[in-house]
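A closer look at the structure
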Amino acid sequence: MGVTRSTGNRRQRRCTRAVGWATTVVALALLAAGCGSSERTVPVERPPRTATAEQPRVVVETAARGFDAAKVFREASPGVVTIRSVFGAGGGVAEGSGFVLDTAGRIVTNAHVVTDESGGKREPAEAVYVEFPDRNVVSARIVGFDPFADVALLEVEPDGFALHPLQLGSDSELVVGQPVAAIGSPFGEQQSLSVGVVSATHRSVESLTKFQIDGAIQTDASINPGNSGGPLLDAGARVIGINQQIETESGANDGVGFAVPISAVKRSIAQLEADGEAEYAYIGVTSQALYPQLARKLGLDTDHGGLLAEVVPGSPADEAGLLGGEGRVRFQAGAYRTGGDVILAIDGHPVVGPDDLAHLIATEQPGDEVTLLVLHDGKREKVAVKLGRRPSG
């Protein structure tokens, strides 16, 4: 996307990878301090399962009229797996969830489940193991990971296993209030189901980089440590997102959960399949969304747009002559940079909401040229910008 959106004070957002070896009790203190935190515990193994062990417990937390949670679980749970990543130098074991993508043995999960940046650079786990619902545990290869969308693609050898791929859905027509289900291994409790609704769409949430994930799905379905990488499902048991983080003040699941939208996941998978890494377009600005009262306060002849607070030196926006703000003003409990250009539209698509600019850039590819409609010194101008490749930092 290549756009950083300025925000106010933010509550903690915690990635929902569990730390430690699938222990039956996980202290809240084990919640990672952020996506890919290096905080882990020494592995504590639980007794191995036997053929006579109890079947996984299904936890149904709420139910919505017309939404058959039991059917969704019945259809999707055979394709939901538990993922354990081993990190070197005493780093311990981290646990998350994932789902089967196809019968070729490809598995999708969050990048923060199988990577770590405690050494200053994000590195893949030393070893990754996938446990299937039938209790088989196999090693997996990391095909690639996308830190910008927090998506990783794994591969296991499918010989001798009856894999159950999940069907991928769409997030383009989600509506607030639509019932959804999350399946995963919260706190090591495998094959757990929680249900809720879509609380909001088109949210921006933290990735594993300084750039945000655009279009995230907010849900009140319980998302806890260990749920990371598991599917968020619609009434047809189709994957509409992968559960990624919660926003909380305590570290427990008393906040709201977020999932990476399946459209972003599909984009990542396609690129990871091709060469093991993902690229994103980059324009190099920090923006603040205008609204009518703020525009009038600043004397701007528009009631919408992305007000440029900063233009990164040497970025495509800088090379195209766009200007960031130099002044500062406080208005209606917010702080704003003033004097910068305002991006009104990109290729004819208006910039209205706070995430529109990032979303429109995200639909492009590095090297593409876009035409911006810009409000500069009170005049509307068209500016051509050749987009670059988003930096990894």
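Use the structure listed above.
Attention in this report is confined to the structure presented alongside it. (Residues numbered from 1 in each chain as written. Predicted model: local features only at pLDDT ≥ 70, side-chain atom pairs only at ≥ 80, totals over all residues. Heavy atoms only, no water.)

On to the overall build of the chain, then. Helix and strand counts for the chain stand at six helices and 27 strands. Counting over 393 residues, the chain shows a buried share of 54%. Look at the contacts in the chain between residues 6 or more apart in sequence, and 65% of them connect residues 24 or more apart. In the form shown here, the chain has an accessible surface area of approximately 17100 Å², with 48% of it arising from carbon and sulfur atoms. (Helix = DSSP H or I, 4+ residues; strand = E, 2+ residues; numbered from the N terminus. Buried < 20%, exposed > 50% of the residue type's maximum accessible area, 1.4 Å probe, protein only. Contact = heavy atoms within 4.5 Å. Areas by Shrake-Rupley, 256 points an atom, 1.4 Å probe, with all protein chains shown as cover.)

All right, on to the pattern of salt bridges then. Summed over the entire model, instances satisfying the criterion amount to ten salt bridges. A salt bridge links Arg84 to Glu95, with the shortest nitrogen-to-oxygen separation between them at 2.9 Å. A residue pair is termed long-range when its members are at least 10 positions apart, and Arg84 in strand β4 (residues 80-87) and Glu95 in strand β5 (residues 92-100) qualify at eleven residues. Each member of the pair, Arg84 together with Glu95, is buried. (Salt bridge = Lys/Arg side-chain N within 4 Å of Asp/Glu carboxyl O.)

Burial of β5 is extensive: nine of the nine residues sit out of reach of the surface. Summarising the sheet, β4 and β5 pair through eight bridges and their orientation is antiparallel. Note that in β5 the partner of Val81 across the bridge is Gly98. Here β5 folds back onto strand β6 (residues 106-109) in antiparallel fashion, the turn holding five residues, of which Gly105 has a positive phi close to 100 degrees. (Pairing = 2+ DSSP bridges.)

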